[in-house]
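# Structural overview for review
Residue strings, one per chain:
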Amino acid sequence: MDRALVCAHGKMVAMVASVLQASGVTTTTEFANLLRVFAQTVGEDDAQQAEILALWADTVAAMLPAEPRH
């Protein structure tokens, strides 16, 4: 697996998630959660692809603002 390529694609996926949120299509949180579920589903047949998808979900989640503490 080419780590730089996977990371670059992950950043692109995060940008798409941002555009979808700005357009009112879905939130980045929901996008990251759906991507995690998709990674788990793909993992049933291909562990390496699932790992990449999970990394992308983590990249999207990392761009989210921190939850306020109460």
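Refer to the preceding data block for the structure.
Below is a short write-up of the structure. This is a predicted model, so every value here is computed, not measured. (Residues numbered from 1 in each chain as written. Predicted model: local features only at pLDDT ≥ 70, side-chain atom pairs only at ≥ 80, totals over all residues. Heavy atoms only, no water.)

### Some details on the pattern of salt bridges
Applicable threshold: We define a salt bridge as a contact between a side-chain nitrogen of Lys or Arg and a carboxyl oxygen of Asp or Glu at a distance within 4 Å. Secondary structure elements are taken from DSSP: a helix is a run of H or I of four residues or more, a strand is a run of E of two residues or more, and numbering for both begins at the N terminus. When a residue's accessible area, from a 1.4 Å probe over protein chains only, is under 20% of the maximum for its type it is buried; when over 50% it is exposed; and in between it is partly exposed.
Under the defined criterion, the tally for this structure stands at one salt bridge. For the salt bridge of Asp 58 with Arg 36, the shortest nitrogen-to-oxygen distance reads 3.6 Å. Of this pair, Asp 58 sits in helix α3 (residues 47–62) while Arg 36 sits in helix α2 (residues 28–43), and the two are 22 residues apart along the sequence. Its relative accessible area of 41% is what places Asp 58 among the partly exposed residues. The class of Arg 36 is partly exposed, set by a relative accessible area of 30%.

### What to know about the environment of Lys 11
Positionally, Lys 11 belongs in helix α1 (residues 3–22). Classification of Lys 11 by relative accessible area gives exposed; the value is 59%. When the C-alpha atoms of Lys 11 and Met 63 are compared, they prove to be 9.6 Å apart, with 52 residues separating the residues in sequence.

### Quick look at α2
What counts is decided by this rule: What a helix should span is 1.5 Å times the count of its residues minus one. The reported arc concerns the directions from the helix axis to the C-beta atoms and nothing else. By definition, residues are in contact when any of their heavy atoms lie within 4.5 Å.
In a regular helix each residue adds 1.5 Å, so 16 residues correspond to 22 Å; α2 covers 22 Å between its end C-alpha atoms and thus fits that length. Within the sequence span of α2, burial applies to Thr 28, Phe 31, Ala 32, Leu 35, Ala 39 and Val 42. Across the axial projection of α2, the buried residues extend over an arc of 95 degrees, all falling on one side. Exposed side chains of α2 directed beyond 90 degrees from the buried face belong to Leu 34 and Gln 40. Along its buried surface, α2 packs onto α1 and α3.

### Notes on α1
The following threshold applies: Counted as a polar contact is a pair of N or O atoms within 3.5 Å, where, for protein atoms, one must be capable of donating a hydrogen and the other of accepting one, and residues adjacent in sequence contribute only when both atoms are in side chains.
Compared with an ideal rise of 1.5 Å per residue, which puts 20 residues at 28 Å, α1 spans 29 Å between its outermost C-alpha atoms and is within 8% of the ideal. The set of residues buried in α1 consists of Val 6, Gly 10, Val 13, Ala 14 and Ala 17. Angular distribution of buried residues about the axis of α1 spans 105 degrees; they occupy a single face of the element. Turned more than 90 degrees from where α1 packs its buried face, Ala 4, Lys 11, Met 15 and Ala 22 sit exposed. The inward-facing, buried residues of α1 abut α2 and α3. A distance of 3.2 Å separates the backbone nitrogen of Ala 4 from a side-chain oxygen at the start of α1, and that oxygen is part of Asp 2.

Shape is all these values report; function is a separate question.
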